Amino acid sequence: MNAPFQSTPAPPGSDPRLPLKLVIAAPRGFCAGVDRAIEIVERALQKFGAPVYVRHEIVHNRYVVDSLKAKGAIFVEELDEVPDDAPVVFSAHGVPKTVPAEAERRNMLYVDATCPLVSKVHRQAERQIEKGQHILFIGHAGHPEVVGTMGQVPAGQITLVETVEDVANLRFTAEDDLSYLSQTTLSVDDTHDIIFALKERFPQIVAPKAEDICYATSNRQAAVKQIAPSCDLVLVIGAPNSSNSLRLVEVAERMGTDARLIQRAEEIDPSWLEGIGTVGLTAGASAPEKLVREVVDRLSDWRVVEEDIVTTAEENMIFKLPRQLTE
Ligand code: 0O3
Ligand code: SF4
């Protein structure tokens, strides 16, 4: 005898009749530095053939890394994992000076995919040291960009500052020659607070020529600020080790809106949508647009999604590729 037909109950939070407003932030996702870094690996694969080694994740995104692995890239953390005769690309986050120095000593073929906006901070650090200033560097300890930028100058001439509290504990005086710089992917608001505290304690401190937090970081944060108040939940596509993506979650939470960092659509639990009418969606600078569409599709499996794109800035930045790969 056939079992009586039973329909599977819809998961909590899903109701195919209920509309879900989806507010998609713009700008979101890839920035010019990430586009360039990925293209560098792809062109290096075409020019030199596989395998091409990449020191550190080219950008902090598993989907991007896996796609490049499938084309023949091999990801390692340190240069000593790369054979002398294999080409190697340095990640978009930048490297300390010791890394290209070692590559040159070993006569290696290397391509530097450091974002030009990170390199600009590197050059500023060198100039500040030449002027005899001690650098107070605002950033997150252990992040590869911080390791890279701090590694542009002699160890005793740069001090990491992570919080406003750190400023109070610095052992410098109002007579010391000081300047500051920052990581490019920080919270705009937190960094302003730290800079305010630095200027209060050290009125003589020299500021960088232009703000180090990059256009992509600040545009993505401003877009989340704009959409978060009208959302019940904000989804941020990005990796747990992606500084700029983590900052987007913080921005939404500070606006009083629940926010979740997800790497892929499959991580979304339909129960998150229970009682929710509006979801905000954005993506960190290292998250491909394909993953945004994947999220829209998954939400559409459960609810009637009405998309609304909110644009707070236009971006048209493009960075040149290294000459090694265009000649
Ligand atoms: O620096 P962050 O962890 O945000 O790096 P991502 O996620 O790879 O994004 C690209 C940003 C970058 C390469 C440094 O500015
Ligand atoms: Fe460059 Fe900014 Fe993108 Fe970092 S987030 S890679 S600094 S453009």
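On a predicted model such as this, the values are computed, not experimentally measured, just so you know.

What counts, and where the lines are drawn
- Counting restarts for each chain: residues are numbered from 1 in the order of the written sequence.
- Think of it this way: whatever chain is written first is A, whatever ligand is written first is 1, and the rest follow in order.
- Local features in a predicted model are, by the rule used here, given only for residues with pLDDT of at least 70; side-chain atom pairs are given and counted only at 80 or more, and totals for whole chains, interfaces and linings are based on all residues.
- Processing note: side-chain calculations cover all non-hydrogen atoms of the structure and skip hydrogens and water entirely.
- Each pair of strands is called paired provided DSSP finds at least two bridges between the two strands.
- Segments assigned H or I by DSSP are reported as helices when at least four residues long, segments assigned E as strands when at least two residues long, and all are numbered from the N terminus.
- Helix axes are fitted only over the stretch in contact, all axes being lines through C-alpha atoms; the angle between N-to-C directions runs from 0 to 180 degrees.
- Any two residues whose heavy atoms approach within 4.5 Å are treated as being in contact.
- Take the number of residues in a helix, subtract one, and multiply by 1.5 Å to get its expected span.
- The cut-offs for exposure are 20% and 50% of the maximum accessible area for each residue type, with area from a 1.4 Å probe on protein chains only; residues under the lower value are buried, those over the upper are exposed, and the others partly exposed.
- Working definition: the arc comes from the directions between the helix axis and the C-beta atoms, pointing outward to the latter.
- UniProt positions are given in the numbering used here, feature names are shortened, and annotations may be inferred rather than shown by experiment.
- We call a residue near a molecule or strand as soon as one heavy atom of that residue lies within 4 Å of the molecule or strand.
- Each residue gets one of three labels, nonpolar for Ala, Val, Leu, Ile, Met, Phe, Trp, Tyr, Cys and Pro, charged for Asp, Glu, Lys and Arg, and polar for the others, Gly among them.

A.B. asks: So what exactly am I meant to see when it comes to the sheet that holds strand 8 (residues 178–182) here?
C.D. replies: Whether parallel or antiparallel, the strands of a sheet pair through hydrogen bonds between backbone atoms. Taken together, 3 strands build an open sheet; the order of strands is 7-6-8 and the sheet is parallel. The two strands at the open ends of the sheet, each matched to only one other strand, are strand 7 (158–161) and strand 8. Averaged over all adjacent pairs, the angle separating strand axes in this sheet is 25 degrees, with direction ignored. Taken together, the 4 bridges between strand 6 (residues 134–138) and strand 7 define a ladder with parallel strand orientation. Bridging across to strand 7, Phe-137 finds its partner in Leu-160. Along the sheet, helix 4 (residues 116–130) contacts strand 6 and strand 8; its crossing angle with strand 8, the most-contacted strand, is approximately 170 degrees. Where helix 7 (residues 188–201) meets the sheet, it contacts strand 6, strand 7 and strand 8, and its direction lies at approximately 150 degrees from that of strand 6.

A.B. asks: Help me understand helix 10 (residues 289–302) in this model?
C.D. replies: Residues three or four positions apart in an α-helix share a direction because the helix packs 3.6 residues into each turn. A rise of 1.5 Å per residue sets the reference length of helix 10, with its 14 residues, at 20 Å; its end C-alpha atoms lie 21 Å apart and thus fit the reference within 8%. Every buried residue of helix 10 is listed here: Leu-291, Val-292, Val-295, Val-296, Leu-299 and Trp-302. One face of helix 10 carries all of its buried residues, which in axial projection span an arc of 150 degrees. Summarising the geometry of helix 10, the exposed residues directed more than 90 degrees from the buried face are Lys-290 and Asp-301.

A.B. asks: How should I be thinking about the UniProt feature "binding site: (2E)-4-hydroxy-3-methylbut-2-enyl diphosphate" (unreviewed entry) in the protein in this particular structure?
C.D. replies: UniProt marks His-60, His-93, His-143, Thr-184, Ser-242, Ser-243, Asn-244 and Ser-286 with the feature "binding site: (2E)-4-hydroxy-3-methylbut-2-enyl diphosphate" (unreviewed entry), using the numbering shown here. On the secondary structure map, Ser-242 appears in the loop between strand 9 (233–237) and helix 9 (243–254). Overall, the relative accessible area of 1% leaves Ser-242 in the buried class. Each residue touching Ser-242, except ones within four places of it in the same chain, is listed here: His-60 and Ser-286.

A.B. asks: Mind showing me how you'd approach the site of ligand 2 here?
C.D. replies: Close to ligand 2 lie Cys-31, Gly-33, Cys-115, Leu-117, Val-118, Thr-184, Cys-214 and Tyr-215. Its residues assigned to classes, the shell around ligand 2 comprises 6 nonpolar, 2 polar and no charged.

A.B. asks: What is the right way to look at the side chain of Thr-278 in this model?
C.D. replies: Tracing the backbone shows Thr-278 in strand 11 (residues 278–283). Thr-278 has contacts with Leu-20, Lys-21, Val-23, Ser-230, Cys-231, Asp-232 and Leu-233, leaving out every residue within four places of it along the chain.

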